[in-house]
Amino acid sequence: MANSRFEYVRTFERENILLPQTHIIIRIDGRGFHKFSSAYEFQKPNDPNALKVMNLSAQALMKSIPEVMMAYGDSDEYSFLLRKNCDLFERREFKLITAFSSGFSAYYQYYWNIVFPNKPLSVERLPTFDARAVVYPSDSIVKDYFRWRQVDCHINNLYNTSFWNLVIKGHLSPQEAENKLMGTVSSDKNELLFKEFGINYNDEPEMYKKGTVFIRDVGDTLDLVPNSDVNLSKRQVERLRGKLRKVTINELHCDIIKEEFWNKRAWLLK
């Protein structure tokens, strides 16, 4: 950049550098997706094609950023776990959140046109996503973060499944359905679904109940991911990124609450 007498304005810029040697999780959320889903008439309680757009977008973003080791999402949100010692954008928070939010928004619009060819997007209602970056100091807290998101997925899906069956099949108004579910626990909702609509919640698709997990499956090639306390040169980082880019990304719909999931995939937090 050329020097000029106006360059002093750069002194107003501020950078927030995320703590080194901590896990970074970036969570993206759809902006105004309640109105967005209504405008494009999403199927209730779950629209498989809308979830497909979300999953394709997350997978594409994960492929483009090899530092992402794992992604978890449901509804209109996704969380991306970066490898602990990554130095993407020198760990500058604003760079990270803008890259993820803008990248996801672009992929979503691209895949929307493929999955919904008969529902063109309107300029008055375009899908956009915001993002936040949070650092976590330990493996156990990272695990609990993803457990929190999956528990939230289950709670929301059970409620929505009950609510929309009461509205669509039970012919209740939204307010009446809300009142009927007020104060109920999970067992109450399971019983309601079975007795009134013949729905066994356990038979619902795993993607709806557990969300979607994408794993960069390093597997037996653990040497690809160096220990978090190893300082890599720029050349070594680029070689590592090239190797990680070639690693298979697997899509799962499974329990990530139990320790078994993490024990089988030690490289995620290495």
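### Remarks on the packing of aromatic side chains
The geometry of two aromatic rings is summed up by the distance between their centres and the angle between their planes.
Moving on, step 1. On inspection of all chains with the given rule, the structure shows 26 aromatic pairs.
Moving on, step 2. Consider the rings of F33 and F129, whose centres lie 5.1 Å apart with planes at 45 degrees: the pair is tilted. Taken as a pair, F33 in helix α1 (residues 33-39) and F129 in strand β4 (residues 129-136) lie far apart in primary sequence, 96 residues in all. The exposure classification of F33 matches that of F129, with both residues buried.
Moving on, step 3. Ring geometry for Y40 against W112: centres 5.2 Å apart, planes inclined by 65 degrees, an arrangement best described as edge-to-face. Of this pair, Y40 sits in the loop between α1 and α2 (48-64) while W112 sits in helix α3 (residues 93-115), and the two are 72 residues apart along the sequence. For the pair formed by Y40 and W112, the shared burial category is buried.
Moving on, step 4. In this arrangement the basic side chain of R149 is found over the ring face of W148, its NZ or CZ atom lying 4.2 Å from the centre.

### Regarding the packing of helix α4 (residues 139-168) against helix α6 (residues 186-197)
Moving on, step 1. For the pair α4 and α6, the least separation of the axes is 10 Å and the interaxial angle reads 35 degrees. Judged by the twist between their axes, the crossing of α4 over α6 is left-handed. For the pair α4 and α6, the contacting residues are H154, L158, Y159, T161, S162, N165 and L166 in the first and S186, K189, N190, L192, L193, E196 and F197 in the second.
Moving on, step 2. Across the contact of α4 with α6, the residue classes tally to six nonpolar, six polar and two charged.

### As for α3
Moving on, step 1. Here α3 is 23 residues long and its end C-alpha atoms lie 32 Å apart, about the 33 Å a rise of 1.5 Å per residue gives.
Moving on, step 2. Three or more residues of α3 are buried, namely E93, L96, I97, F100, S101, G103, F104, S105, Y108, Y111, W112 and V115.

### Describing the environment of A177
Moving on, step 1. If you trace the backbone, A177 turns up in helix α5 (residues 174-181).
Moving on, step 2. Between the alpha carbons of A177 and R149 there is a distance of 25 Å; along the sequence they are 28 residues apart.
Moving on, step 3. Apart from residues no more than four positions distant in its own chain, A177 is found in contact with F163, L166, V167 and L172.

### A short note on α6
Moving on, step 1. Over its twelve residues, α6 runs 16 Å from end to end, which matches the ideal 16 Å to within 8%, given 1.5 Å per residue.
Moving on, step 2. Within the span of α6, buried status applies to K189, L192, L193 and F197. Looking straight down α6, one finds that the buried residues subtend no more than 95 degrees of arc, so they occupy a single side. What points out from α6, more than 90 degrees from its buried face, is the exposed set F194 and K195.
Moving on, step 3. Buried residues in α6 make contact with α4 and α5.
Moving on, step 4. Within two residues after α6, G198 carries a phi angle of roughly 65 degrees, on the positive side.

### With respect to the environment of K264
Moving on, step 1. For K264, the location among the structural elements is in the segment after α9 (259-263).
Moving on, step 2. According to the relative accessible area criterion, K264 is exposed, its value standing at 55%.

### Regarding the nonpolar core
Moving on, step 1. Core analysis: the biggest nonpolar cluster contains 37 residues, and Y78, F80, L82, F100, F104 and Y108 have the highest contact counts within it.
Moving on, step 2. Taken together, the elements giving at least two residues each to this core come down to β1 (23-30), α1, α2, β2 (68-74), β3 (77-82), α3 and β4.
Moving on, step 3. Looking at this core element by element, the count peaks at eight residues for α3.
Moving on, step 4. Filtering out sequence-adjacent residues up to four positions away, Y108 remains in contact with F33, F36, F42, V53, M54, S57, P127 and F129.
Moving on, step 5. Formed by 23 residues, the second largest nonpolar core is a distinct cluster that contains V142, I215, C254 and I256.

### Looking at the pattern of salt bridges
Moving on, step 1. Summed over all chains, the structure comprises 15 salt bridges.
Moving on, step 2. Ionic pairing is found between R27 and D29, a salt bridge with its closest N-O pair at 3.7 Å. Each member of the pair R27 and D29 is classed as buried.

What counts as what
Residues numbered from 1 in each chain as written. Predicted model: local features only at pLDDT ≥ 70, side-chain atom pairs only at ≥ 80, totals over all residues. Heavy atoms only, no water. Phe/Tyr/Trp six-rings, centres within 6.5 Å; stacked < 30°, edge-to-face > 60°. Helix = DSSP H or I, 4+ residues; strand = E, 2+ residues; numbered from the N terminus. Buried < 20%, exposed > 50% of the residue type's maximum accessible area, 1.4 Å probe, protein only. Lys NZ or Arg CZ within 6 Å of the ring centre and 35° of its normal. Axes fitted to C-alpha atoms, helices over the stretch in contact; angles between N-to-C directions. Left-handed = near helix turned anticlockwise from the far one by under 90°. Contact = heavy atoms within 4.5 Å. Nonpolar A, V, L, I, M, F, W, Y, C, P; charged D, E, K, R; others polar. Expected span 1.5 Å × (residues − 1). Arc of directions from axis to C-beta. Core = buried A, V, L, I, M, F, W, Y, C linked by side-chain atoms within 4.5 Å. Salt bridge = Lys/Arg side-chain N within 4 Å of Asp/Glu carboxyl O.

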